[in-house]
Amino acid sequence: MEINLKEKIKEAVKIIYNSDVKDDLIQIQETRKDFKGDFTLVVFPLLRFSKNTPEKTGEMIGQYLTKNFPAVSGFNVIKGFLNLEISNAWWVEFFKKLASEKSHIEACKVSEPETILVEYSSPNTNKPLHLGHIRNNLLGYSLYRILSGCGHRVIKTNIVNDRGIHICKSMLAWQKFGNGETPESSGMKGDHLVGKYYVLFEKNYKIQIEKLVKEGMDEAEAKNAALLMRETRDMLLKWESGDEEVFGLWKMMNSWVYAGFDETYKKLGVDFDKIYYESDTYKVGKDIVLTALKDKILYRNEDSSIWADLTPDGLDQKLLLRSDGTAVYMTQDLGTAVNRQNEFKFDKNIYVVGNEQNYHFQVLKALLKRMGYKWADGLIHFSYGMVELPEGRMKSREGTIVDADDLIKEMQTTAKEVSLELGKLSDFSDEEQEDIFRKIGMGALKYYILKVDPKKNMTFNPAESIDFNGNTGPFIQYTYTRIKSVFRKAEQMGINIEHILFSGVKAGTKEIELIKLLRKFSETVSAAAAGYSPALIANYCYELSREYNQFYHDFSILGEDDEEIRNFRLILSKVTSEIIHSGMWLLGIEMPERM
RNA sequence: GGUUCCGUAGCUCAGUUGGAUAGAGCAACAGCCUUCUAAGCUGUGGGUCGAGCGUUCGAGCCGCUCCGGAAUCACCA
């Protein structure tokens, strides 16, 4: 529509003022609601051609368009703004076309699809997932849906941090204090059980340090000298040398954790195409580093540790291999990136990782480019903000970590309470009801997190998160179920909404407002894909729902006597429900049929 | 100290490449269920867009300087 208008305006300027205008000088936007009109041309940039006042210029272009472009039914000029009124017939025709589309996401397909890897989740195997992981998983998964919806080939990956000293901590504590406890024997979810021993380790470790400090030892020294830490380091060495007992313990405990994670992932509705384990990839990076050393891209220190000098890039010196030859985090990420490029030939590799690692990814990219990998330009750090609580950051020491499983459960419990109080589902079986509670609870949680601009830190307010009124997931779900309810009623009346038609109806202003919003869906999705921002879609769905609710409140659909208008409103409702459903699908949010 | 990000109503957040009188929700107050689901709708109050300067016909958005907050600058991951 805009493009068409643009052409006509160019034509107008050409004929009236005999000048050629560049595209970017023709600025068309939607008319603000308090003015009459549908689209607005900002005439200021065109004054250089008209050499006239803004009012006069707008007037002349407006007259030309009304005369030569049937879609433009009228216009008005206020200050430097030319408000164009689009004819009712045009909107109705446009809507007909929209209604005939099989898939609304289809319209967002890009012309040149890319191969894109999305890495998200990246858990440690010593603790259960928490609220921060939830934001990560939801963002990553939604990004996958949006990008693949736009036609890209997207591979979902997860890199599991399954080795290292912190993993040995929970292993050691279990060995010492566990008495053979298993998920089966305790009834605990595997990741929570392992997390329990991690906490137990930290607790006892702290006691040992305090004791040593009391005996006169310096604190830093005490941290190293504490028996538990010595034993842990010993265990890590055994693990690296492939000690059978340690390795067996590691495998067993990790398998508990994975079983636990799988459960949480399933509840969150996320999954992966390929899972990488750090224990497999950490060695790969070493070769790359050693090769780069040979090529003199890196240098060796006196203590034989290996470093990169990134000061020319405005960054610091970066360690890549320790003096004992073992790998660090960066070493492994170098290896993983190269591996992935070889395996998938990706155009882009998107890392969904918190903004605390901005520096890390800056370095990673700089290093790879320095090593001559041109594809390093395709590495994108999707950096998202921290989730904070109203009282500040989550701190494990103060017990303010919000556990993922607890939160999911709480949201569903609240959904159940609210639903039962409203009592609209009494004719459903318990099983069906539980499924609806689940969808509402998860919808509330997901929407609450995804509606916020990813790069901003966000506050998670527990009291607010369980409010299902206003700008929330359940509000949008509710709008959807209302439409579905209308359809059920229509069916009872013998109307088959798949086969109804309308021709030349006169659409009301509210209906045209809805059509305008529906029209914006595909550009919103494209913007979300280009800017990696699910929040745009979330806010769009909210806006659309609000608009529909107003329409629903003001007009009767099935009570309308004129069959043409009734059908028009039914189809308008149908397209709205489809687009809300598509939008929420892109966010990974399920929609109940009733609530 | 260097780098990156953030600062919009009491609170949580929107605000597309600079465009008209900066928008929602929550909280507060006042209304609307005999009619398709009231998890809804309508109205009222609430703002020097952190501050200042600059660019521009026009700045919440762009540039500079401050102020405030977060993260990071590890032989942790």
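Residues numbered from 1 in each chain as written. Chains lettered and ligands numbered in written order. Predicted model: local features only at pLDDT ≥ 70, side-chain atom pairs only at ≥ 80, totals over all residues. Heavy atoms only, no water.

*Asks:* Give me the lowdown on the protein's contact with RNA strand B, citing residues and values where you can.
*Replies:* Not every one of the 69 residues close to RNA strand B is listed here, only the nearest: D303, K424, Y478, S485 and F555. For RNA strand B, the fraction of protein-proximal atoms (within 4 Å) that sit in sugar or phosphate groups is 65%. Note that a sugar or linking oxygen of RNA strand B is positioned 2.4 Å from one of the side-chain N or O atoms of D316. A distance of 3.4 Å separates a sugar or linking oxygen of RNA strand B from a polar atom in the side chain of N549. Of all the secondary structure elements, the ones that give two or more residues to the surface near RNA strand B are β1 (27–30), β2 (39–42), β4 (81–86), α15 (358–370), α16 (404–422), β14 (458–459), α19 (473–492) and α22 (534–554). Ranked by the residues each element gives to the surface near RNA strand B, the list is headed by α22, at eight residues. In terms of residue class, the surface near RNA strand B is built from 26 nonpolar, 25 polar and 18 charged. (Near = heavy atom within 4 Å. Polar contact = N/O pair within 3.5 Å; in protein donor to acceptor, adjacent residues only side chain to side chain. Helix = DSSP H or I, 4+ residues; strand = E, 2+ residues; numbered from the N terminus. Nonpolar A, V, L, I, M, F, W, Y, C, P; charged D, E, K, R; others polar.)

*Asks:* Outline helix α20 (residues 509–519), listing residues and values.
*Replies:* For α20, the buried fraction is high: nine of the eleven residues fall into the buried class. Looking only at α20, the buried set comprises K510, E511, I512, L514, I515, K516, L517, L518 and R519. (Buried < 20%, exposed > 50% of the residue type's maximum accessible area, 1.4 Å probe, protein only.)

*Asks:* Can you lay out the layout of surface pockets for me, pointing to particular residues and giving the numbers?
*Replies:* A volume near 620 Å³ is recorded for the second largest pocket. If you trace the second largest pocket, you find 26 residues lining it, with G37, D38, T509, E513 and K516 closest to the centre. Elements with a contribution of two residues or more to the lining of the second largest pocket: β4, α20 and α22. (1 Å grid on protein atoms, 1.4 Å probe; cavity = no way out; pocket = protein on both sides within 12 Å on 5 of 7 lines; lining within 4 Å. Points joined across faces, edges and corners; volume = space filled by probe spheres on them.)

*Asks:* How would you summarise the environment of K374 if you had to cite specific residues and measurements?
*Replies:* Note on placement: K374 falls in the loop between α15 and β12 (379–384). It is 21 Å that separates the C-alpha atoms of K374 and H152, two residues lying 222 residues apart in sequence.

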